[in-house]
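What follows is the residue order along each chain.
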Amino acid sequence: MRKQAAFVLAIAVLFVVTPWASESAFAELLAAQPQDIVNQVSQTMYRHYLDDVLYTHLGDDRQWGPEHDLAQSNIYAEFESFGLNTSLHPFEYEGGTYYNVVGVHYGTVRPDDIYILGAHYDSKNGPGADDNASGTAGVMEAARVLSQYQFEATLVFIAFDREEQERNGSRAYAQEHKDDDILGMISLDMIAYNGSGLNTAVIYGRDSSAPLKQALAEAISLYGNGLSSIDIDSSIIGYIIGDVDVSDHDSFEREGFQACLLIEFDVLFNPYYHSPLDSVDMPNYIDYAFATNMVRSAVGFLATSAVLIPELATFLLPDFNADGKVDLKDFSKLAEYWLQDESSVDISPPPNGDGIVDIQDLAIFAEYWLKDFRLTAHWKLDETEGTIGYDNIGDNDGTLNGNPLWQPIGGKVDGALEFDGIDDYVSIDFVLNPAEGAFSVFAWIKGGAPGQVIISQRDTTIGGTTHPGSAWLCAGASDGRVMTGLMDTVFSPLVSESVITDGQWHHIGLVYDFDGLYRYLYVDGAEVAEDTNVVGGVHSDGGLYFGAGKYLAATDFWSGLIDDVRIYNRVLSAEDIEALAR
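Bear in mind that the values here come from a model prediction, so they are computed numbers and not experimental data.

What follows is about the overall build of the protein chain. The number of helices and strands found in the protein chain is 12 helices and 28 strands. Each of the 582 residues in the protein chain was classed as buried or not, and the buried ones make up 57%. Looking at the protein chain as shown, the accessible area adds up to about 23,700 Å², and 50% of this sits on carbon and sulfur atoms.

Here we take up the environment of Arg296. Along the polypeptide, Arg296 turns up in helix α9 (residues 288-305). On the accessibility criterion, Arg296 (12% relative accessible area) is buried. Distance in space between the C-alpha atoms of Arg296 and Val41 is 6.2 Å, their sequence separation being 255 residues. Not counting the four nearest positions on each side in its chain, Arg296 is found in contact with Gln35, Val38, Asn39, Val41, Tyr223 and Asn225. A polar side-chain atom of Arg296 sits 3.1 Å from the main-chain carbonyl oxygen of Tyr223.

With that settled, consider unusual backbone geometry. Each neighbour pair has its own omega, and for Asp131 with Asn132 the value is 5°, a cis peptide bond. When you line up the elements, Asn132 lands in helix α5 (residues 129-146). The backbone of Asp564 shows a phi angle near 50°, a positive value even though the residue is not glycine. Relative to the helices and strands, Asp564 resides in strand β28 (residues 559-568).

What follows concerns the environment of Asp531. Summarising the element assignment, Asp531 is placed in the loop between β26 (526-530) and β27 (544-546). Each C-alpha atom, one on Asp531 and one on Tyr518, is 5.6 Å from the other, the two residues being 13 residues apart in sequence. The contacts of Asp531, once residues within four sequence positions are left out, are Leu494, Tyr518 and Arg519. Within the local environment of Asp531, its side chain forms a polar contact with the backbone nitrogen of Arg519, the two atoms lying 2.7 Å apart.

Turning to the pairing of strand β13 (residues 398-401), a few remarks are in order. Bridge count for strand β12 (residues 388-389) against β13 is 2 bridges, and the pairing is antiparallel. Residue pairing across strands places Ile388 opposite Thr399, the latter belonging to β13. For β13 and strand β16 (residues 425-428), the ladder comprises 4 bridges, and the chain directions are antiparallel. Bridge pairing in β16 places Thr399 opposite Ser427.

Within the largest apolar cluster, 107 residues are counted, with the highest numbers of intra-cluster contacts made by Phe79, Leu146, Phe157, Trp379 and Trp472. Per-element accounting of this core gives the leading share, 10 residues, to α9. Each residue touching Leu146, except ones within four places of it in the same chain, is listed here: Ile37, His105, Phe151, Leu155, Phe157, Val299, Leu302 and Ala303.

What follows is about the side chain of Thr484. Position of Thr484 among the secondary structure elements: in strand β22 (residues 481-484). Here the side chain of Thr484 touches Trp472 through a polar contact of 2.7 Å, landing on its backbone oxygen. Polar contacts involving the side chain of Thr484 include one to the main-chain amide nitrogen of Leu486, which spans 3.1 Å. Discounting chain neighbours no more than four positions away, the residues touching Thr484 are Ala471, Trp472, Pro493, Leu494, Leu510, Arg519 and Leu521.

With antiparallel pairing, the 8 strands of this open sheet are ordered in space as β12-β13-β16-β27-β18-β21-β22-β23. Only two strands of the sheet have a single partner each, and these edge strands are β12 and β23 (494-499). In this structure, strand β21 (residues 470-475) lies alongside β22, joined through 2 bridges in antiparallel fashion. Residue pairing in the sheet places Cys474 in a bridge with Met483 of β22.

This part covers the packing of aromatic side chains. Applying the stated criterion to the full structure yields 15 aromatic pairs. Judged by centre distance (6.2 Å) and plane angle (80°), the ring pair of Tyr115 and Phe301 falls under edge-to-face. In this pair, Tyr115 is assigned in strand β4 (residues 110-120) and Phe301 in helix α9, connecting sequence segments 186 residues apart. A relative accessible area of 5% places Phe301 in the buried class. Across from the ring centre of Trp64, 4.0 Å away, lies the NZ or CZ of Arg162, which sits over that ring.

When two helices pack together, you describe them by how their axes are tilted relative to each other and by the distance separating the axes. Viewed as axis vectors pointing N to C, α5 and α9 meet at an angle of 45°, and their least axial separation amounts to 10 Å. Our classification of the angle between α5 and α9 gives oblique. Of the two possible hands of crossing, α5 and α9 adopt the one that is right-handed. Between α5, through Gly138, Glu141, Ala142 and Leu146, and α9, the contact on the second element is made entirely by Val295, Val299, Leu302 and Ala303. Across the contact of α5 with α9, the residue classes tally to 6 nonpolar, 1 polar and 1 charged.

Turning our attention to the pattern of salt bridges. Within the structure shown, the criterion is met by 14 salt bridges. Between Glu141 and Arg144 there is a salt bridge whose closest N-O contact spans 2.8 Å. Of this pair, Glu141 and Arg144 both sit in helix α5, 3 residues apart, roughly one helical turn. What makes Glu141 buried here is its relative accessible area of 0%. A salt bridge links Asp479 to Arg481; the shortest N-O distance between them is 2.9 Å. On the accessibility criterion, Asp479 (32% relative accessible area) is partly exposed.

Before going further, it helps to examine the confidence of the model for the protein chain. Residues of the protein chain with pLDDT of at least 70 account for 88%, and the chain-wide mean is 87. Averaged pLDDT values for the elements of the protein chain fall to 38 in strand β1 (residues 27-30) and rise to 98 in β16. Every residue in residues 12-31 scores below 50 in pLDDT, and together they form 48 contacts with partners more than four places removed in sequence or on other chains. A low-confidence stretch, residues 229-237 stays under pLDDT 50, and its non-local contacts, those more than four residues away or across chains, total 17 contacts.

Conventions we followed
Position labels on residues start from 1 in each chain and follow its written sequence. Only residues with pLDDT of 70 or above have their local features reported here, since the model is predicted, and side-chain atom pairs are shown and tallied only from 80 upward, although totals for entire chains, interfaces and linings are computed over all residues. To obtain the side-chain values, all non-hydrogen atoms of the structure were used and water was disregarded. Helix numbering and strand numbering both begin at the N terminus, where a helix is a DSSP run of H or I of at least 4 residues and a strand a DSSP run of E of at least 2. Each residue gets one of three labels from its accessible area relative to the maximum for its type: buried under 20%, exposed over 50%, partly exposed in between, using a 1.4 Å probe on protein chains only. Where accessible areas are quoted, they stem from the Shrake-Rupley method and a 1.4 Å probe; at the residue level, only the protein chains shown are allowed to cover. Any two residues whose heavy atoms approach within 4.5 Å are treated as being in contact. Identification of polar contacts relies on pairs of N or O atoms within 3.5 Å, with a donor-acceptor requirement for protein atoms, meaning one able to donate a hydrogen and the other able to accept it, and with residues adjacent in sequence counted only if both atoms are side-chain atoms. A pair of strands is considered paired only if DSSP assigns at least 2 bridges between the two. Here, nonpolar core means buried Ala, Val, Leu, Ile, Met, Phe, Trp, Tyr and Cys residues that are tied together by side-chain atoms lying within 4.5 Å of each other. Side-chain rings of Phe, Tyr and Trp (the six-membered ring for Trp) are treated as a pair once their centres are within 6.5 Å; stacked means planes under 30 degrees apart, edge-to-face means over 60, and tilted covers the remaining angles. In this analysis the charged atom, NZ for Lys or CZ for Arg, is taken to sit over a ring once it is within 6 Å of the ring centre and within 35 degrees of the ring normal. Here an axis means a line fitted to C-alpha atoms, over the contact stretch when the element is a helix, while the angle between two N-to-C directions is reported on a 0 to 180 degree scale. When an angle is under 35 degrees it counts as roughly parallel; over 145 it counts as roughly antiparallel; between 65 and 115 it counts as roughly perpendicular; any other value is oblique. Handedness of a crossing is defined here by the sense of rotation of the near helix relative to the far one, left-handed for an anticlockwise turn of less than a right angle and right-handed for a clockwise turn. Ten residue types, Ala, Val, Leu, Ile, Met, Phe, Trp, Tyr, Cys and Pro, are classed as nonpolar, four, Asp, Glu, Lys and Arg, as charged, and the remainder, Gly among them, as polar. Within this document, salt bridges are pairs made up of a side-chain nitrogen of Lys or Arg and a carboxyl oxygen of Asp or Glu, the two lying within 4 Å of each other. Predictor confidence is given residue by residue as pLDDT, running from a minimum of 0 to a maximum of 100.

In structure tokens form, the structure reads like this:
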């Protein structure tokens, strides 16, 4: 009875905010582990690069054919989309100029210390699916994953040219960079043929590269997802062999660097080696799972060797059930352990509590009551005057352009903002990069016309690099069906069957699942479209527009109302989305 009375008394301070309690009190360094990074290596994305980007089908020719330069351009575009410092490294061969494609991810502590992951993108006598689009696709997938994190040392991803002509591309690069502090170079060359089914990786390199080879073998053991071994020592998954000078690692070993080749065990038994049939179209030829595990191994090695930098993340202890919200579910847990020693809810004084759940813990809890930590930004658009649309969560305030009109009592949720379809829009600085993680965006809208844009992310140019934006939510040009153009350049828009330009209020939204690489569209709380194949999110550092397309084209301006725009930092559940639309 006394415990209940104390708890009832404590409820009286539920809305008291203590001045020393702040979000920063719960901030701590939370670093992803190399395994977390390795787990992001995707067989789906690897296959996409190999099958769709690198011209590996029957009839393609990356030796001297047009597909050679097309593949080079695609690799360059993908490296740029990852946010890498991307360039073409020229070299001369038999009177012509050729190019290695180089993507640099600079280290933040030891930028002069360098690790290189390379593969040659030229082929011989055909499409070269295994030799060596398989390795190039591996470099691309490794770059996609690793570029999302910060490391002490610099990572350099290189697609070499003219490996089949005495390794001219890598030789030129290694000679020009012989004074760099290159701590290790790995060449991925033929990593997708597994005809014997032994699932075995082979590592080649000189004795001088023994430390690097051993470290890579250990990474295969830890991160290779079951790559087996023919080596007697079962603690090392991977077969380590001595010298072999037939891949790009040789160019770096000749300059005194530690370098090695990671290659399939069955390379000598490949039936289509250097033939027009080395193609993804050959039945039961390419083992995508095996190749992906080779890539996992290389990513694990690089994530460990370059040393991951911890990121400052906010760990909000009042969210006891970790659902991103502080609500009655969390309050019930606090009540359950009232006046007890329960570490999971003992949050005061931060960071480790004082051994009892009491009024101090409740006071901190009260500061976060009904706060939704999943929200990245929230524009209520309830202002009555002025040229600023305020972000009610953070500092992503929007600036009104043209003359959109505040409608204090004309919104779906209190007020709204009315756009004239001529030159009205709201501009907001950078909020998020769609290629870096999952997110959800929702808004109430009314009016509009086919072809008009509700929310877009604009292009941004940094130096000589343009990061393309996209139309996040818009009405289809022919019939006003809700659609999204959020995608990398090789993919297509996602279009629903739901018309939203009928003059009625509609709650519309886009959910981007970063793990599965799928988009979902919602109207009035129900899913109306989803991808059937993987779609890569476009890398962009641009800001947002409400009520206009990214180029501010005359036909893109929205003519209607927009209200209550929300951006979340994760995939919302169907239950959450349905609740938002009520």
